[in-house]
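Residues per chain, in single letters:
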Amino acid sequence: MAAVIDQAREQMEKSVEATKENFSGIRTGRANPALLNGVMVDYYGSPTPIKAVASIGVPEPRTLAVTPFDATQANAVEKALRDSDLGVSPRRDGNVIRITMPELTEERRKEYVKLAKTKAEEGKVAVRNIRRKVKESIDKQVKDGELGEDEGDRLLKELDTVTKKVSDQLDALLDSKQKEIMEV
């Protein structure tokens, strides 16, 4: 029956990983290739993630260098970057497209912290939903007589321990992201 708890732990860990992925797209003062994850390039008529059509490097702390694999697609990549919601203006340097990230204002940093809190809360909601489903499953098994009450109580305590641990992990991720965003 501990398999149910292990399965719940795995699903909760996936929620933590998803939250980390969401955090990587939130801007901090430094340039990060993950900032471009949501950018789609019109590649021969079909929307394609920028990572699939170009390599992304970080030559300087506040600069990203995007080099299209296919030099003929440089205009499409530049257009996708310009039209993205990043608020940056790309500069062409031969085949390389350079993006300099503007300094974050205090107000913008606070908006990013709010966004990070929202993403962390989404992760916590997912964890709570997993907990609720597993708890319902255990309660049903106790009610149907498949599990003894003591075994059911022990499993619920173990489930609560796992849930608390994962929730604390999400809080720690949020704290570190907030520090990273507010760092000038």
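Right above here is the structure, for reference.
Here's what I pulled together on the structure shown here. Predicted model only: the values in this text are computed from it and were never measured.

### Section: the overall build of the protein chain
Across its full length, the protein chain holds five helices and six strands. When the helices and strands of the protein chain are placed in sequence order, the string is α-β-β-α-β-β-α-β-β-α-α. In terms of C-alpha radius of gyration, the protein chain reaches 22 Å, well past the compact-globule figure of 16 Å for 184 residues. Structurally, the protein chain occupies a C-alpha span of about 70 × 40 × 20 Å along its principal axes. The buried share of the protein chain, reckoned over its 184 residues, is 36%. Contacts in the protein chain between residues far apart in sequence, at least 24 positions, make up 63% of those at least 6 positions apart. Element-wise, carbon and sulfur atoms account for 51% of the exposed surface of the protein chain, whose accessible area totals about 10,600 Å².

### Some thoughts on helix H4 (residues 106–143)
With 38 residues, H4 extends 55 Å from end C-alpha to end C-alpha; this agrees with the ideal 56 Å at 1.5 Å per step. Taken residue by residue, H4 has Arg109, Tyr112, Val113, Ala116, Ala120, Gly123, Lys124, Val127, Ile130, Val134, Ile138 and Gln141 as its buried positions. Of the surrounding elements, those touching the buried residues of H4 are helix H1 (2–24) and helix H5 (149–182). One or two steps after H4, the chain reaches Gly145, where phi turns positive at roughly 85 degrees.

### As for the pattern of salt bridges
The full count for this structure, using the stated rule, is 17 salt bridges. Here Glu17 and Lys20 are joined by a salt bridge, their closest N and O atoms 3.6 Å apart. Taken together, the residues Glu17 and Lys20, both in helix H1 and three residues apart, mark about one turn of the helix. Residue classification places Glu17 among the partly exposed residues on the basis of a relative accessible area of 45%. Each of Glu78, Arg82 and Arg92 takes part in salt bridges that share partners, so that together they form one network.

### Some thoughts on the nonpolar core
Met12, Phe23, Val134 and Ile138 are the most contacted members of the largest nonpolar core, which totals 26 residues. Broken down by secondary-structure element, the contributors of at least two residues to this core are H1, H4 and H5. It is H5 that provides the largest number of residues to this core, a total of nine residues. If sequence neighbours within four positions are ignored, Met12 has contacts with Val127, Ile130, Arg131, Leu159, Val162, Thr163 and Val166. In terms of nonpolar packing, the next biggest core, distinct from the first, is built from 18 residues, Val41, Leu64, Ala80 and Val88 among them.

### A closer look at the sheet that holds strand E5 (residues 91–93)
Across the sheet, which stays open at both edges, the four strands sit in the order E3-E4-E6-E5 with antiparallel pairing between neighbours. The two strands at the open ends of the sheet, each matched to only one other strand, are strand E3 (54–60) and E5. Each neighbouring strand pair of the sheet contributes to a mean axis angle of 30 degrees, computed without reference to strand direction. Relative to strand E4 (residues 63–68), E3 runs antiparallel, the two being bridged by five bridges. Bridge pairing in E4 links Ile56 to Val66. Where helix H3 (residues 74–83) meets the sheet, it contacts E4, E5 and strand E6 (96–100), and its direction lies at approximately 15 degrees from that of E6.

### Some details on the packing of H1 against H4
Relative placement of two packed helices is described by the angle separating their axes and the distance separating the axes. Put simply, H1 and H4 touch, their axes get as near as 9 Å, and they point 170 degrees apart. Judged by the angle between their axes, H1 and H4 are roughly antiparallel. Contacts between H1 and H4 involve Val4, Ile5, Ala8, Gln11, Met12, Ser15, Thr19, Asn22 and Phe23 from the first element and Ala116, Lys119, Ala120, Glu122, Gly123, Ala126, Val127, Ile130, Arg131, Val134 and Ile138 from the second.

### A look at the pairing of E6
A regular strand places its side chains so that they alternate between the two faces of the sheet. Side-chain alternation along E6 places Ile97 and Ile99 on a buried face and Val96, Arg98 and Thr100 on a face that remains uncovered. Both E4 and E6 contribute to a ladder of four bridges, which runs antiparallel. Residue pairing in the sheet places Thr63 in a bridge with Thr100 of E6. Relative to E6, E5 runs antiparallel, the two being bridged by three bridges. Bridge pairing in E6 links Arg91 to Arg98.

Conventions we followed
- Residues numbered from 1 in each chain as written.
- Predicted model: local features only at pLDDT ≥ 70, side-chain atom pairs only at ≥ 80, totals over all residues.
- Heavy atoms only, no water.
- Helix = DSSP H or I, 4+ residues; strand = E, 2+ residues; numbered from the N terminus.
- Rg over C-alpha atoms; globule rule 2.2 N^0.38 Å.
- Buried < 20%, exposed > 50% of the residue type's maximum accessible area, 1.4 Å probe, protein only.
- Contact = heavy atoms within 4.5 Å.
- Areas by Shrake-Rupley, 256 points an atom, 1.4 Å probe, with all protein chains shown as cover.
- Expected span 1.5 Å × (residues − 1).
- Salt bridge = Lys/Arg side-chain N within 4 Å of Asp/Glu carboxyl O.
- Core = buried A, V, L, I, M, F, W, Y, C linked by side-chain atoms within 4.5 Å.
- Pairing = 2+ DSSP bridges.
- Axes fitted to C-alpha atoms, helices over the stretch in contact; angles between N-to-C directions.
- Parallel < 35°, antiparallel > 145°, perpendicular 65-115°, else oblique.

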